[in-house]
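Geometric and topological summary
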Amino acid sequence: MNKKFLSTHLSLGAVAASLLLVACGNKADPASAPPAAAAASAPAPGASRATGAPISVTTTLAIRRNFDVALEAIGTVTPLSSVDVKPQITSVVTQVHVKEGQFVKAGELLFTLDARPDVANVAKVRAQMVKDQAVLDDAQRQLARSRDLLAKSFISQGALDTAQALVDSQMANLVADRAALDAAQLALSYNTVRASGAGRLGAVNVYPGTAVQSSQTALVTITQLDPVNVSFNLPQSNLNAVLEGLKSGGAAVSATLPDAKSTLKGRLQFVDNAVDAATGTVKVKARFDNPDAKLWPGAFVKVALTAQTLNDAVVIPTTAIIQSTRGSIVYVVDKGNAALRPVKVVASQGENSAVTGIAAGDKVVLEGRQNLRPDSPVVERTSGAAAPPRATASAASAAP
């Protein structure tokens with residue numbers, strides 16, 4: 001009985017194994033899939049990969065023009081002349097004819113000093129001249145009488161010579177009197193103090209009744225304001241360019257006031273004859289017309305001296321230039337794509353630079369260049385317009 005039971009179980013196991021093998025054999029084999037089905041699951045051969053959205057940029061045209069290269073420095077306004085007015089005699093101020101801060105002309109009366117001693121001296125010299133003139137007249141009459149007497153042999157030749165010597169002596173005295181009168185009148189003129197030149201008065205240091213000392217007491221200071229100089233220092237390396245500008249009749253110089261609202265034009269006037277060994281700079285002066293007194297002595301101004309002019313230079317905004325490991329580059333728009341151009345900066349001035357490596361008329365990328373790569377598609381927009389939003393990576397992947 002046990003043998004029959006074991007035989008029956010072995011038979012059932014063999015049948016089950018056979019059914020299992022049959023079931024596995026009926027499953028689909030991917031390798032044996034029809035070629036048409038495999039082709040249907042692959043992407044179409046004509047389809048292209050997705051590209052990024054065009055980058056919005058602002059462009060400007062490179063232009064060709066003459067480009068002035070200027071040397072910039074901080075200068076100090078200095079007057080052509082600043083004179084301390086002092087009396088030439090010791091006296092007392094009797095009258096002040098001007099006010100502080102007043103503009104005066106050359107020769108204008110400023111102060112009057114006590115002139116009574118000098119007036120008296122002039123009168124004394126004049127009286128002496130009258131006396132000496134009278135003595136001379138008498139001596140000349142005596143000489144004429146002596147000549148008549150000598151002709152009649154009433155006097156000797158010695159008497160005539162004595163009369164002639166007296167006339168000559170009195171004539172010399174009269175000449176001395178005239179010189180003394182000139183000296184007295186000169187001293188009298190010192191009692192009126194006049195302006196030696198045109199300019200603006202500073203503080204008046206004396207008043208009527210003030211005693212002043214000859215060549216010591218400063219009455220007032222006259223400062224010339226028109227024209228005026230601006231002094232500044234330039235590096236030794238620019239000395240040749242500055243000297244060339246001086247030889248050509250004075251290079252153009254501009255002075256900008258601290259408020260940056262007005263700029264005055266002047267000319268190079270002076271280059272010092274030595275370089276300062278301590279700073280390696282040379283002192284330079286430029287002269288400016290100053291009718292409105294905008295340039296005030298002692299004030300600081302920003303000075304720009306035109307050292308040279310580059311003719312027919314290609315000029316672009318300095319902000320368009322990118323400093324890379326390979327040097328200076330710019331991006332230009334070429335047929336709707338960004339193109340990289342290496343450039344050489346010849347000179348920079350203010351917001352513009354003269355460069356080589358691009359041509360006049362090229363569209364230089366001004367804004368948006370930080371997002372560019374060579375051959376990136378771009379779309380140009382006007383300056384100040386908002387850039388269109390760029391699709392993010394997640395949005396692109398979510399698109400059907």
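See above for the structure.
In short, a report on the structure. Position labels on residues start from 1 in each chain and follow its written sequence. With pLDDT at 70 or above as the cut-off, local features in this predicted model cover only qualifying residues; side-chain atom pairs require 80 or more to be listed or tallied, and sums for whole chains, interfaces and linings still use all residues. To get the side-chain values, take all heavy atoms of the structure and skip hydrogens and water.

1. Thoughts on unusual backbone geometry
- Of the consecutive residues Asp226 and Pro227, the connecting peptide bond is found in the cis state with omega at -5 degrees.
- With respect to the helices and strands, the residue Pro227 is situated in the loop between strand 10 (220–223) and strand 11 (228–235).
- One non-glycine residue with positive phi stands out, namely Asp375, at about 70 degrees.
- Going along the chain from the N terminus, every DSSP run of H or I of four or more residues is numbered as a helix, and every run of E of two or more is numbered as a strand. On the secondary structure map, Asp375 appears in the loop between strand 21 (363–367) and strand 22 (378–381).
- We call a residue buried when its accessible area falls under 20% of the maximum for its residue type, exposed when it is over 50%, and partly exposed in between, using a 1.4 Å probe and counting protein chains only. Judged by its relative accessible area of 60%, Asp375 is exposed.

2. A few points about the pattern of salt bridges
- Note on definitions: salt bridges are taken to be side-chain nitrogens of Lys or Arg within 4 Å of carboxyl oxygens of Asp or Glu. A full pass over the atoms with the stated rule returns 4 salt bridges.
- Residues Arg116 and Asp114 are paired through a salt bridge, measuring 3.0 Å at the closest nitrogen-oxygen approach.
- In this structure Arg116 comes out as exposed when scored by relative accessible area, which is 64%.
- Ionic pairing is found between Asp138 and Arg141, a salt bridge with its closest N-O pair at 3.5 Å. Taken together, the positions of Asp138 and Arg141, both in helix 3 (residues 116–151) and 3 residues apart, correspond to about one turn of that helix.
- Of the residues examined, Asp138 reaches a relative accessible area of 34% and is grouped as partly exposed.

3. Some points on the environment of Arg145
- Assignment of secondary structure puts Arg145 in helix 3.
- Taking the relative accessible area as the measure of exposure, Arg145 reaches 44% and is therefore partly exposed.
- Placed 15 residues apart in sequence, Arg145 and Leu160 show a C-alpha to C-alpha distance of 9.1 Å.
- In this structure the side chain of Arg145 is engaged in a polar contact, spanning 3.1 Å, whose partner is the side chain of Gln142. By the criterion applied in these results, polar contacts are pairs of N or O atoms within 3.5 Å in which, for protein atoms, one can donate a hydrogen and the other can accept it, and in which residues neighboring in sequence qualify only through two side-chain atoms.

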